[in-house]
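Tertiary structure, described
Listed below are the residues making up each chain.
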Amino acid sequence: MREENVKVILWGFGSMGSGMAKMLLKKKGVEIVGVIDGWDQLAGKSIFEVLGVEREGHPDVTITLDTEKESVIKEGAADVVLLATDSFTAKAFDKMKFVLEQKINCLTTAEEMAYPQAQEPELAKQLDEIAKANGVSVMGTGINPGLIMDLLVLTLTGASIDVEHIVAKRVNSLSPFGKAVMEEQGVGLEKEEFDRLVASGELAGHVGFAESVMAIADGIGWELDEPVRTSMEAIVSTVDRHAPYADVKAGNVAGVNMLGWGKVDGEDKIEMIHPQQVEPEDEGVHTGDYIEITGEPNISMHIGPEVPGGIGTIAMMVNSIPNIINANPGLMTMLDVPVPVAIMGDMRKRIK
C-alpha cells in the first residue's frame, strides 16, 4: 500500500466543493492540501471555520483566491484537483488546462465534461493531448450526467441480448445545488422572463442531455442520425418556496421540465425526461429515478425517492479519485474507467 496520503486540492468551495471537503475529512488515507475559490470574502479563512467543523488532527488549510492559484496548484503539490466551478467545457477549459500543465490529475463537476465529445469535440481533443503530454488524466463526473441517466443505463444493458428503446426519467430536487445551477434553470424568474431567455438561447436548463444520450449511443454501438434534440418548459410554482440558494414566489419559476431525444435509424430510440425544481414536495411532487429498456429482456428500474443530486455528485467526485489517478493519461469518461464504488476503507489501498 502507498505510504503517503492521497493529496487533494479543491477548486471551488460552494455547495459542491464544501461538501466534498466534508466527505474527504471523514475518509482515511487522503488529505486536503489546498482550497481555491473566487469569492474574496473567503480568502484567508480556515476551511474548518467556513465548514463549521472541528479540525480533529487534520492540517489547517486556508482558502486562496483563484487569482493566486499558482501558489497552490503547482507540480508535485497534489495527486488530483477537484474542480467545481463551471457547467460548460469551454468555461472550465482554461482551469483544466492549467491543472494538467502542472502535471496534476483533474476531476470536474462540469456537466459537459461527462462526455465532452458530444458538444465540444475540438476542446475534448485538446484536453486529451494536453493531459497525455503531461502524463495525467482529466474527467468529468457527477450524478447526472455521470451516473443516473447514462452510466446506470449502460450498466443495465449489460443484461440485454437486444435493445430496441431506452427511456431514462429523473424527477429531482434542485434544492441542494448552488447559485450557478439556479441561474441555469431560471429558478425564481417570472414566467415571461423565463420564456424570453429560452427563446433567445440564454437559459441553459439542464446541462447534460447531449452528453448522456451520446454516451449511451456510443456505449452500445448506436449511431445517432442527428444532434440530440431537447426542449424545456417552465415549472411554475403555485406556492412560495424557500431553498438554501433560491427563493421562489408563487407564480414564478421553480424549475424546468426538460425533454431530450436521440434518433437512431429514423426512430427516437433514446428518450430523456427530466423535470427538476426546488422543493418539489411543497406541491406534492415525489422524486424518483426510472429506467425503462425495451428489448430482450425488457428491463424496468425504479429508485424512489431520487438518488439525491447534491450528495450524489459529491460522492461521485470523491469516489472517482482512485480511478482518475489510476487511469491512463488523457481525457477519460465514465465509459473508460471502472464503475466508482463507495470508499469505506483506506483510499491508499485503491491506488495502483
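For the structure itself, consult the block above.
Residues numbered from 1 in each chain as written. Predicted model: local features only at pLDDT ≥ 70, side-chain atom pairs only at ≥ 80, totals over all residues. Heavy atoms only, no water.

Before going further, it helps to examine a negative patch on the surface. Judged by side-chain charge, Glu223, Asp225, Asp265 and Glu267 come together as a negatively charged surface patch. Summarising the element assignment, glutamate 223 is placed in the loop between helix H8 (209-220) and strand E8 (229-236). Residue glutamate 223 is classed as exposed on the basis of its relative accessible area of 65%. (Patch = residues over 30% accessible without salt bridge, like charges linked within 9 Å, V, L, I, M, F, W, Y side chains within 5 Å. Areas by Shrake-Rupley, 256 points an atom, 1.4 Å probe, with all protein chains shown as cover. Salt bridge = Lys/Arg side-chain N within 4 Å of Asp/Glu carboxyl O. Lys, Arg positive; Asp, Glu negative; His and termini not counted. Charge placed at Lys NZ, Arg CZ, Asp CG, Glu CD. Helix = DSSP H or I, 4+ residues; strand = E, 2+ residues; numbered from the N terminus. Buried < 20%, exposed > 50% of the residue type's maximum accessible area, 1.4 Å probe, protein only.)

Let us look at the sheet that holds strand E6 (residues 137-140). Pairing is parallel across the open sheet formed by seven strands, whose spatial order is E3-E2-E1-E4-E5-E6-E15. Every interior strand has two partners, whereas the edge strands, strand E3 (63-65) and strand E15 (330-331), have only one. Pairing geometry for strand E2 (residues 30-37) and E3, over three bridges, is parallel. The partner of aspartate 37 across the bridge, within E3, is leucine 65. Packed onto the sheet, helix H1 (residues 15-25) meets strand E1 (6-11), E2 and strand E4 (80-83) and runs at close to 160° relative to E1. Contacts from helix H3 (residues 89-101) reach E1, E4, strand E5 (105-108) and E6, with the element oriented near 155° to E5. (Pairing = 2+ DSSP bridges. Contact = heavy atoms within 4.5 Å. Axes fitted to C-alpha atoms, helices over the stretch in contact; angles between N-to-C directions.)

Attention shifts here to the pattern of salt bridges. For the coordinates displayed, the defined rule picks out 14 salt bridges. In this structure, aspartate 289 engages arginine 170 in a salt bridge whose closest nitrogen and oxygen atoms are separated by 2.7 Å. Placement of aspartate 289 in strand E13 (residues 288-296) and of arginine 170 in strand E7 (residues 162-173) is noted, with a sequence separation of 119 residues between them. Residue classification places aspartate 289 among the buried residues on the basis of a relative accessible area of 0%. By relative accessible area, which is 1% here, arginine 170 ends up buried.

Glancing now at the pairing of E1. Here E1 lies mainly inside the structure; five of its six residues are buried. Bridging between E1 and E2 involves six bridges; their strand directions are parallel. If you follow valine 8 over to E2, its bridge partner there is isoleucine 32. With respect to chirality, the unit in which E1 leads through H1 into the neighbouring parallel E2 is right-handed. Bridge analysis of E1 against E4 gives four bridges, and the strand direction is parallel. Note on E4: the bridge partner recorded for leucine 10 is leucine 82. (Right-handed = clockwise from strand over helix to strand, strands pointing away.)

What follows deals with the side chain of threonine 89. Counting through the fold element by element, threonine 89 comes out in helix H3. Those residues in contact with threonine 89 that sit more than four places away from it in its chain are Met96, Glu112, Met113, Pro116, Glu120, Leu123 and Leu127.

Ranked by size, the top nonpolar core spans 49 residues in total, and within it Leu10, Leu82 and Ile321 carry the most contacts. Considering every element that reaches this core, the biggest residue donor is H1, with six residues. If you look at the next biggest cluster of nonpolar residues, it comprises 29 residues, including Ile166, Ala168, Phe209 and Met232. (Core = buried A, V, L, I, M, F, W, Y, C linked by side-chain atoms within 4.5 Å.)

Any two aromatic rings considered together are summarised by their centre-to-centre distance and by the angle between their planes. In this structure the tally under the stated criterion is zero aromatic pairs. Over the ring of phenylalanine 98 we find lysine 69, and its NZ or CZ is 5.1 Å from the ring centre. It is lysine 169 that lies over the ring of tyrosine 290; its NZ or CZ is 5.7 Å from the centre. (Phe/Tyr/Trp six-rings, centres within 6.5 Å; stacked < 30°, edge-to-face > 60°. Lys NZ or Arg CZ within 6 Å of the ring centre and 35° of its normal.)

Geometry only, nothing functional implied.
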